[in-house]
Every structure is written in C-alpha cells, then in structure tokens.
Amino acid sequence: MSFIGRIGEYTMMLSGSFTKPDKLKVFWKRCVDEVMNLGINSMGIVFIISIFMGMVITIQTASNIESAWIPKYTVGFTARQTIILEFSPTIISLILAGIVGSRISSELGSMRVTEQIDALEIMGVNSKNYLILPKIIGFMFILPFIIVYSMFLGLFGGWLVGTASGIISTADYVYGIQYWFDPYSVFYALFKTILFAFVISSVSSYYGYHVKGGSLEVGRASTKAVIWSSIVMLFVNYLVTQLWLI
Amino acid sequence: MIQINDIEKGFNGVEILKGISFEFQTGKTNLIIGQSGSGKSVLTKCIVALHQVDKGEVLYDGRDIQAMSNKERKELRQEIGMLFQGSALFDSMTVEENVMFPLKMFTKMSKAEMQERVNFCLNRVELFDKNGLYPAETSGGMQKRIAIARAIAMNPKYLFCDEPNSGLDPKTAIVIDNLIKDITEEFNMTTVVITHDMNSVLEIGENIMFLSQGLKAWEGTKESIITTDAKEVTEFVYASKFMRDYKDRMM
C-alpha cells in the first residue's frame, strides 16, 4: 500500500475509534486496565533509566565545565534543563515507544490473526472503539505522570552521584536546579509528552490492527510500529520545539 | 431463514464468488462444503457482512444486511452467533468472562441474571466448573464448546460455524457436530456450518451447498450427496479410499 493510502487507512481507523462507546461502564474499565498495562508496568524500566541517565548527565556536565569562571551550580542547572526539556519527555518516550508500541502492536496483531477482532465485529462491537481508544486515552493520561516521575528520578540520580563523588555539594546542586527556573518549561515538556503518547499508541495500534497473515506478520508489524512511532514522534518533537521555542 | 441472491465478490480484480444463490433454512443445519480455495470462507464473511459484496443481496428474514446502515447492522449482529475455526476466545478473559462478554455489552441484565445465563450456556455445552479457567488452560474441544456457549449467550436467531471440528480428534469432532445440531433444533436457529469434513457432512448435513471455484456446483442433503452423479461432488465425497471402498460395498 502507498504512503498516502496508509495515512488514509490510519485516519479511517482513528475516525472509527473516536465514536461513542457501546457501553460506557465497560469502556472506562478498559481505560483503567490500559493505564495499568501500558503505564504502571513501565515504571520499573523508567526508574532504572532515569536514575542512571541523571547520574551520567551530571558527571558529563561537571567534567566538561571544569573552569574557575563557571559556578558549580551550573551542573545542577544544566542537569535540570537537559532532563526537563529533552531527556525525560523525549528519550523516555522514545524508549516507551519501543516497549509500549511493540506491546500494543503485538496484542492487536495476535487478536487479528486469531480472529478475536472478527469475533468482536460479528457480535456488533465496534472493535476500533473497544480496543484502540482505551489504549490512546489510557496512555495519554498516564505518560505525563511517568515523565514527571522520570524528571524527579533523573534529578535525584544527578544529586546522588554529584554528592557521593564530591563533584558538587547539595547546596550548589539544589541552587542550580532552582536557578532561573521557568515552570513554563515543564508545561512545554508535558504538552509534547501528551502528543507523543497519542502518536505512540495510535501508530502502534494502526500496525497491529491491520495485520494480515500469521505470527510472522505480527512480529513484522511490531517492528514497523516501533520504527514508525519513533520517527513520527521525533518529527513531532522537532515541530513542537520549532513552533514553541523559536 | 437466510437467503443469498446472486452474490459476487472479487479481490484485486480476481473473481472469487461468481453469482451464488441459496436458501439457509431455519431449524436445520445448513452446510457449505467444498475444497480449499473454493470460496467458502469468503462467502461466509460476505453473509455476515465482514466483506461487502460486489453484487447481490443477503437477506436475514427479508432484511438485507449488505444494504443496512451501520446502526441497523449492529442491531442485526446481536442476533448472530459465530463459532470461529480457532475458537477466537478472548485470551485475557476467563471462560466465564468470555461467555458473559456479549451480555455485558448489549443487555441490561443484572449481575445475577448474567451469571445465571452464563451457567445455563456452559451447562448446555456440558462444561461444568470451568468458569475460572483461561482459554489457554483448556483443551481444543473445550475451547470449541466455550465458543459455542458464547455464541448462544445472546440467544441468537442465526449461528455460523467456521470449520467447527478442525484440529479435533474424530470422537470430539462428532460431539461438537451433534452439539451444534441439537442446539439448532432446540433454539430453532438458522445454522450455517462451513466444513470440508465428510464425517460432518454425513452426520449433520440437512441442507448442503457444494461450492466449486466460486460457483454453487450442487445442493442437496446428506442422503442425496451419497448418490449424486455430479462429478465435482463425487470427487470430493469419494476422495478417501475408505469412502471409495464404502461405495463399492454399497454397490
């Protein structure tokens, strides 16, 4: 299928998803389940990555600004800017595009090849609305919380390594992360996070929902889902940064 | 009763169904049989409107599913039960949740009423004390029976079974066949079974359509299929040595 054809199919899928649910009570339960499946289950890996990346950012910054002219608190300031503006929203989302994207795609793909989606349709259930919309809503709801969690962990990791290795004192680090702080940068980060969540969940759903064939195709669809959701996410990141900050 | 009139369907310029007409009768097990690639599955998907036909009409007691609005089609589908080849049970749900699913989605039953209906359906397919199991924890034959229980949960007027005994041993296959036949008579449903299993044909074939290369090549009953002279049908019926020997003995 051509690229334009795929965009058309993706748009049709979204328009089929954004409809009135067959049963609101069941729908909200599905949303809560997806929050748990897609969000809460990713907390562990986000914890590890954020702590270590916070550590590395702090060490890298400190080792590159060894100058008497640059105040120590710059380490904290740089770590904060890096973590809040790009590391947590973009890199963590990119990692989650791999984890969550392949999960969504393989789940829907397996349901397609085992005729579970056909079974829903035969019963009269709008399968797109029932399966895809809760994933989109659930992930758009939970990802900002994961990113805020990642921001705190990243800053904590930076403090931990900075003070433990004697690179920076707690007072300097804390002063640095508070220095010239603009809450607007957090708003910007969370805004783009919500867009990323939409991209990851909807693009992965598209590849999973439209699988044709068998288990081999499910695997291929998962790979494509991760690749394309990452590409679209990075493009959206560029677009938002260009429009917002310049 | 389901009536199909002059159904045509193709994909990418290749004609799969070439003007098929037939009447699936109420209270009987209607069979669609034919070799692999003859168009059985495509025809079934056209009948349940998972595929849009290129030409023709599919009438459910006079209501053309292909010409309906989405809302009307959705309502009609609540009168349809379907048993898929691979059972198509929802992996993430228990046996009980699978059977309860259509009731939850489309009825205003209380929890107790739903539970009662689920137990009735599971007991009807002779599954007892399996409510809490997941589909992966049950055998192939059990999965078929769970799928039948789910299919009849909404008390459907029409039941479709796609290769209901594929992958089952002969004894379990006959149990499933007879279960389908009994349920059809008990609930007076219009049942359509897609199969290429001759045992099923001889066991439950009350009204049979034989498809060959996208055309209806023959129609009749399990009694008449044994005696027919239609070449394509005899090649299909007597494909196995057992059936050829049986025919010789009968002659």
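Presented here is an overview of the structure given in this document.

Reading the values: rules and limits
- Residues numbered from 1 in each chain as written.
- Chains lettered and ligands numbered in written order.
- Predicted model: local features only at pLDDT ≥ 70, side-chain atom pairs only at ≥ 80, totals over all residues.
- Helix = DSSP H or I, 4+ residues; strand = E, 2+ residues; numbered from the N terminus.
- Rg over C-alpha atoms; globule rule 2.2 N^0.38 Å.
- Buried ≥ 20, exposed ≤ 12 C-beta atoms within 10 Å, placed from the backbone.
- Contact = placed C-beta atoms within 7 Å.
- Pairing = 2+ DSSP bridges.
- Nonpolar A, V, L, I, M, F, W, Y, C, P; charged D, E, K, R; others polar.
- Arc of directions from axis to C-beta.
- Axes fitted to C-alpha atoms, helices over the stretch in contact; angles between N-to-C directions.
- Core = buried A, V, L, I, M, F, W, Y, C linked by C-beta atoms within 7 Å.

**Notes on the overall build of chain B**
Counting its secondary structure elements, chain B contains ten helices and ten strands. For chain B, the C-alpha radius of gyration of 19 Å lies close to 18 Å, the compact-globule estimate for 251 residues. Here the C-alpha coordinates of chain B stretch approximately 55 × 45 × 30 Å along the principal axes. Buried residues in chain B amount to 39% of all 251 residues. Sequence-distant contacts in chain B: of pairs separated by 6 or more residues, those separated by 24 or more amount to 63%.

**Brief notes about the overall build of chain A**
Assigned secondary structure in chain A consists of nine helices and zero strands. Split into buried and exposed, the 246 residues of chain A put 45% on the buried side. Pairs at least 24 residues apart make up 88% of the contacts formed inside chain A by residues separated by at least 6 positions.

**As for the pairing of strand β4 (residues 55-60) of chain B**
Working note: regular strand, side chains alternate between the two faces of the sheet. Residues and elements named next belong to chain B. For strand β1 (residues 2-11) and β4, the ladder comprises five bridges, and the chain directions are antiparallel. Paired with I2 across the bridge in β4 is Y60. Bridge analysis of β4 against strand β5 (residues 63-64) gives two bridges, and the strand direction is antiparallel. For Y60, the partnering residue across the bridge sits in β5 and is R63. Counting the residues between successive antiparallel strands, the hairpin from β4 to β5 contains two residues, one of them, D61, with a positive phi of roughly 45°.

**Notes on the interface of chain B and chain A**
Of the residues lining the interface, 15 residues belong to chain B; the matching set on chain A comes to 13 residues. Mapped onto the side of chain B that touches chain A, the elements with two or more residues apiece are α2 (70-77), β6 (80-83) and α3 (95-106) of chain B. By residue number, the principal contributor to the side of chain B that touches chain A is α3 of chain B, which donates four residues. Counted by class, the side of chain B that touches chain A contains ten nonpolar, two polar and three charged residues.

**Quick notes on helix α7 (residues 170-178) of chain A**
Residues and elements named next belong to chain A. All buried positions along α7 are accounted for by Y173, G176 and I177. Here the buried residues of α7 occupy an arc of 90° about the axis, which is enough to place them on one side. With respect to the buried face of α7, the exposed residues turned more than 90 degrees away are A171 and Q178. Buried-residue contacts for α7 involve α4 (74-113) and α6 (127-164).

**Some points on unusual backbone geometry**
For E115 of chain A, which is not a glycine, the phi torsion comes out positive at approximately 65°. Mapping E115 of chain A onto the fold places it in the loop between α4 and α5 (116-123). For A49 of chain B, which is not glycine, the phi dihedral falls at a positive 65°. You can see A49 of chain B is positioned in the loop between α1 (40-47) and β4.

**Observations regarding the sheet that holds β5 of chain B**
Residues and elements named next belong to chain B. The antiparallel open sheet is built from four strands, whose spatial order is β2-β1-β4-β5. In this open sheet, the two strands that pair with only one neighbour each are β2 (14-24) and β5. Sheet strands in contact with α1 are β1, β2 and β4, and its direction is about 120° off that of β1.

**Comments concerning α3 of chain B**
Burial in α3 of chain B covers these residues: V95, N98, V99, M100, F101 and P102 of chain B. Contacts from the buried residues of α3 of chain B go to α5 of chain A together with α4 (111-124) and α5 (140-152) of chain B.

**Focus: the sheet that holds strand β7 (residues 158-162) of chain B**
Two pairing modes exist for strands in a sheet, parallel and antiparallel, and in both the strands are linked by backbone hydrogen bonds. Residue and element names in this part refer to chain B. What the six strands build is an open sheet, ordered β6-β7-β8-β3-β9-β10; its pairing is mixed. Both edges of this open sheet fall to β6 and β10 (215-220), since each of them pairs with a single strand only. Between one strand and the next, the sheet's axes are offset by a mean angle of 20°, whatever the strand orientation. The pairing of strand β3 (residues 29-34) with strand β9 (residues 207-212) spans five bridges and is parallel. Pairing of G34 across the sheet is with L211, part of β9.

**Here's the deal with the environment of V46 of chain A**
All names here are of chain A. Locating V46 in the fold gives a position in helix α3 (residues 43-64). Along the primary structure V46 and I95 are separated by 49 residues, whereas in three dimensions their C-alpha atoms are 8.7 Å apart. Each residue touching V46, except ones within four places of it in the same chain, is listed here: I92, I146, Y149 and S150.

**Digging into the nonpolar core**
One recurring pattern in soluble globular proteins is that nonpolar side chains are buried together. Ranked by internal contacts, the top residues of the largest apolar core, which has 126 residues, are I200 of chain A together with L43, M82, V99, A149 and F160 of chain B. Counting residues per element, this core draws most heavily on α6 of chain A, at 14 residues. When neighbours within four sequence positions are excluded, L43 of chain B is seen to be in contact with I7, L17, I20, I32 and L211 of chain B.

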